[in-house]
Amino acid sequence: MAYINEAEKESKQFAEDCKKNGWEVRPNTVIVEFELKDNSATNNSIVSLEVIKEFNNGGTGNPDIDFYNISNKDKAVELTLKDLIGEKDKEIINNQIKKQIEQNKDKYFNGEDGIEGFKSISDNQKFYYENGNIVIVFDKYEIAPGATGIPEFKIEIPQDSNTGLHFGLVINNERINIQKSNVYQKEDGSIMIPLRVVCEKLGYEVKWIEKNRSIEIKKGAQYTSVKPGENKYFFSKMAPISLGSAPEIKDSTTYVPFKFVSDILRVDASMDETGIITINNK
């Protein structure tokens, strides 16, 4: 409401100035829009609302954007970056933003011409939360020229953050929808990944064998099979080995240990400190 009152006050003053100077009086507009961020993949445990307000009196409008991030539990609590990431929130976020800026340096201020570039997020930094990721938002012209628009940076949340585990899955440079991948960690520490999604993205044919309730994975002469509940894995003619956890079925999806990719399929696979699993066979 304060924004509307201020816009109304400014409009009245602008109209008076126009009349005094014989200028054409043009209508001023205030536009307020709302967007509820998608958090369906994380069971809507956090509600993020973006509120965009723009006052235009005939010139170029500069939107005023605010975000409200609420813990969607029995007692609603507005969340801060420290709540989500922990005590090292600034250090973690600053490092990731600097890396992203480095990849597109021409789009941001760099200290030349007396215009300072990005140094650090502020204590009241704008952000929203969407499907397991924090997105840091800066005002237009704050760290970049107007042509860049409103800068946003997606931040991967570390595994030891206050929000728990937030895995991501990238296969051959393609980010897999978290609702389809749903990587998780068991109590024994095993990281479990969806068998069919991973294997099919790597070019394997995956087939359920009802007769012995097993799953065959084939690609050319390469062959293996797994059986839910049995911690035995092999590839082609190698002797079966244990990977720490047996395949298991959850919500009609079969999961295998992350090590299945590197130790059985012999495909490059790694996981960084933020929980992003990268698998590549190209």
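Now for a description of the structure that goes with this document. (Residues numbered from 1 in each chain as written. Predicted model: local features only at pLDDT ≥ 70, side-chain atom pairs only at ≥ 80, totals over all residues. Heavy atoms only, no water.)

**Things to note about the overall build of the protein chain**
Broken down by element type, the protein chain carries 6 helices and 18 strands. Within the protein chain, the proportion of its 282 residues that are buried is 38%. If you take every contact in the protein chain between residues at least 6 apart in sequence, the share linking residues at least 24 apart comes to 47%. On the protein chain, roughly 16800 Å² of surface is accessible, and the fraction owed to carbon and sulfur atoms is 46%. (Helix = DSSP H or I, 4+ residues; strand = E, 2+ residues; numbered from the N terminus. Buried < 20%, exposed > 50% of the residue type's maximum accessible area, 1.4 Å probe, protein only. Contact = heavy atoms within 4.5 Å. Areas by Shrake-Rupley, 256 points an atom, 1.4 Å probe, with all protein chains shown as cover.)

**Some points on unusual backbone geometry**
In this structure, Asp251 is a non-glycine residue whose phi angle is positive, near 50°. Judged by relative accessible area, Asp251 falls into the exposed class, the value being 73%. Non-glycine residue Ser252 carries a positive phi angle of around 65°. On the secondary structure map, Ser252 appears in the loop between strand E15 (248–250) and strand E16 (253–257).

**Description of the side chain of Asp89**
Counting through the fold element by element, Asp89 comes out in helix H3 (residues 89–103). With near-sequence residues (within four places) excluded, Asp89 lies in contact with Leu81 and Lys82.

**Some details on the environment of Leu195**
Relative to the helices and strands, Leu195 is located in helix H5 (residues 195–201). Sequence spacing of Leu195 and Tyr255 is 60 residues, and the spatial spacing of their C-alpha atoms is 5.3 Å. With near-sequence residues (within four places) excluded, Leu195 lies in contact with Ile215, Ile217, Val226, Thr254, Tyr255, Val256 and Phe260.

**Observations concerning the packing of aromatic side chains**
All told, the structure shown has 7 aromatic pairs when counted by the stated rule. Taken together, a centroid distance of 5.9 Å and an interplanar angle of 85° make the contact between Phe138 and Phe153 edge-to-face. A residue pair is termed long-range when its members are at least 10 positions apart, and Phe138 in the loop between strand E6 (133–137) and strand E7 (152–155) and Phe153 in strand E7 qualify at 15 residues. With respect to burial, Phe138 and Phe153 carry one shared label: buried. Chaining the aromatic ring pairs together yields one cluster made of Tyr108, Phe118, Phe138 and Phe153. The ring of Tyr128 has Lys37 lying over it, and the distance from NZ or CZ to the ring centre is 4.0 Å. (Phe/Tyr/Trp six-rings, centres within 6.5 Å; stacked < 30°, edge-to-face > 60°. Lys NZ or Arg CZ within 6 Å of the ring centre and 35° of its normal.)

**Here we look at H3**
Look at H3: 22 Å from first C-alpha to last across 15 residues, which is about the 21 Å you get at 1.5 Å a residue. Residues of H3 that are buried include every one of Asp89, Ile93, Asn94, Gln96, Ile97 and Ile101, and no others. In the core, the buried residues of H3 are packed alongside helix H2 (81–85), E6 and E7. (Expected span 1.5 Å × (residues − 1).)

**Some words on the pairing of strand E14 (residues 222–226)**
With 5 bridges joining them, strand E13 (residues 214–219) and E14 adopt antiparallel strand pairing. Its bridge partner lying in E14, Glu216 is registered against Ser225. Linking E13 to E14, which pair antiparallel, is a turn of 2 residues; within it Gly220 sits at a positive phi near 65°. (Pairing = 2+ DSSP bridges.)

**Examining the side chain of Glu50**
As for its placement among the helices and strands, Glu50 is situated in strand E2 (residues 46–56). There is a polar contact of 2.7 Å between the side chain of Glu50 and the side chain of Lys37. Contacts of Glu50, omitting those with residues within four sequence positions, involve Glu33, Phe34, Glu35, Lys37, Ile65, Asp66 and Phe67. (Polar contact = N/O pair within 3.5 Å; in protein donor to acceptor, adjacent residues only side chain to side chain.)

**Quick word on the sheet that holds strand E4 (residues 77–78)**
The strand order E1-E2-E3-E4 describes an open sheet built from 4 strands, whose pairing is antiparallel. Strand pairing shows two members of the sheet lacking a second neighbour, strand E1 (29–36) and E4, which therefore form its edges. Two strands pair when backbone bridges link them, and strand E3 (residues 64–71) and E4 are joined in this way by 2 bridges, in the antiparallel orientation. Looking across to E4, one finds that Ile70 is bridged to Glu78.

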